[in-house]
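Breakdown of the fold
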Amino acid sequence: NVGKTCYANVILQCLYHLLPFRKVTMSFDYGEGKTIINSLQTLFASMALSPNAVCDPSPIFSVLNLKTNEMGDCFQFLTTVMVAFKDFLNLLGKAS
């Protein structure tokens, strides 16, 4: 764990193993930038392809303006991720 991120790692691992969620997340081609989608794509790719047993969730914390040295809970983190995901989709819909 990076800092106090065990609660987030549980959620991120669950999201990774939800195949429909992972497929939707990985299907976006939205260029570079600091978005929840880009951060999840990078993390999911690392989880799938890296020979390392550890993947760094710090970019997701950065995008969500969360601190890795503050304890949180699973429900709060999942809600924050889902709201950011929804906000991204809303912006994408308005941009189209």
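Below you will find a few notes about this structure. (Residues numbered from 1 in each chain as written. Predicted model: local features only at pLDDT ≥ 70, side-chain atom pairs only at ≥ 80, totals over all residues. Heavy atoms only, no water.)

Attention shifts here to the packing of helix α1 (residues 6-17) against helix α2 (residues 19-27). Packed helix pairs are specified by the crossing angle of their axes together with the interaxial distance, meaning the distance between the axes. Interaxial distance between α1 and α2 falls to 5 Å at its minimum, and their mutual angle equals 85°. As the angle between them shows, α1 and α2 are arranged roughly perpendicular. On α2, the residues touching L15, Y16 and H17 of α1 are L19, F21 and R22. For the contact of α1 with α2, the residue count by class is 4 nonpolar, 1 polar and 1 charged. (Axes fitted to C-alpha atoms, helices over the stretch in contact; angles between N-to-C directions. Helix = DSSP H or I, 4+ residues; strand = E, 2+ residues; numbered from the N terminus. Parallel < 35°, antiparallel > 145°, perpendicular 65-115°, else oblique. Contact = heavy atoms within 4.5 Å. Nonpolar A, V, L, I, M, F, W, Y, C, P; charged D, E, K, R; others polar.)

So, about α1. Between its first and last C-alpha, α1 extends 17 Å over 12 residues, near the 16 Å set by a 1.5 Å rise per residue. Within α1, the full set of buried residues consists of Y7, A8, N9, I11, L12, L15 and Y16. (Expected span 1.5 Å × (residues − 1). Buried < 20%, exposed > 50% of the residue type's maximum accessible area, 1.4 Å probe, protein only.)

A few words on the nonpolar core. Grouped burial of nonpolar side chains is what soluble globular proteins tend to show. Within the largest apolar cluster, 22 residues are counted, with the highest numbers of intra-cluster contacts made by I36, L40, I60, L64 and F77. Listed by contribution, the elements that provide at least two residues to this core are α1, α3 (36-49), α4 (58-63) and α5 (74-95). Residue contributions to this core peak at 6 residues, all from α1. (Core = buried A, V, L, I, M, F, W, Y, C linked by side-chain atoms within 4.5 Å.)

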